Amino acid sequence: MDIQDYSRGRDNANSKLAFQQVKVMIPKMQDRVLNEVDGVSSTLDIANKLG
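1. Some details on the overall build of the protein chain
Thought 1: In terms of regular secondary structure, the protein chain is built from 3 helices and 0 strands.
Thought 2: The burial tally for the protein chain puts 4% of its 51 residues in the buried class.
Thought 3: Surface summary for the protein chain: the accessible area is close to 5,000 Å², and the carbon and sulfur share equals 55%.

2. Considering the pattern of salt bridges
Thought 1: Tallied over the entire structure, the rule returns 1 salt bridge.
Thought 2: Close ionic contact of Lys 49 with Glu 36 constitutes a salt bridge, the shortest N to O distance being 3.0 Å. Note that Lys 49 is positioned in helix α3 (residues 43-50) and Glu 36 in helix α2 (residues 26-36), a separation of 13 residues in sequence.
Thought 3: Assessed through its relative accessible area of 60%, Lys 49 is described here as exposed.
Thought 4: The partly exposed category is assigned to Glu 36, whose relative accessible area is 22%.

3. Quick look at the packing of α2 against α3
Thought 1: Interaxial distance between α2 and α3 falls to 10 Å at its minimum, and their mutual angle equals 125 degrees. One finds that α2 runs oblique with respect to α3. Helix-helix and strand crossings are classified by hand; for α2 and α3 the assignment is right-handed. Residues Met 29, Arg 32, Val 33 and Glu 36 of α2 form the contact with α3, whose own contacting residues are Ile 46, Lys 49 and Leu 50.
Thought 2: Among the residues making up the contact of α2 with α3, the classes are represented as 4 nonpolar, no polar and 3 charged.

Rules and cut-offs
Residues numbered from 1 in each chain as written. Predicted model: local features only at pLDDT ≥ 70, side-chain atom pairs only at ≥ 80, totals over all residues. Heavy atoms only, no water. Helix = DSSP H or I, 4+ residues; strand = E, 2+ residues; numbered from the N terminus. Buried < 20%, exposed > 50% of the residue type's maximum accessible area, 1.4 Å probe, protein only. Areas by Shrake-Rupley, 256 points an atom, 1.4 Å probe, with all protein chains shown as cover. Salt bridge = Lys/Arg side-chain N within 4 Å of Asp/Glu carboxyl O. Axes fitted to C-alpha atoms, helices over the stretch in contact; angles between N-to-C directions. Parallel < 35°, antiparallel > 145°, perpendicular 65-115°, else oblique. Left-handed = near helix turned anticlockwise from the far one by under 90°. Contact = heavy atoms within 4.5 Å. Nonpolar A, V, L, I, M, F, W, Y, C, P; charged D, E, K, R; others polar.

Written out as structure tokens, the structure is:
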């Protein structure tokens, strides 16, 4: 089995652009996840609920 270098795409133009677009959504998604944490639901339940 060959070892894959998953960091190959790091710091290229597409990666930088994607990060700029996603970093705006991260805090909102963190809030949505935290609002779903109730001590009963599993992480899979929360992921399914949030899509």
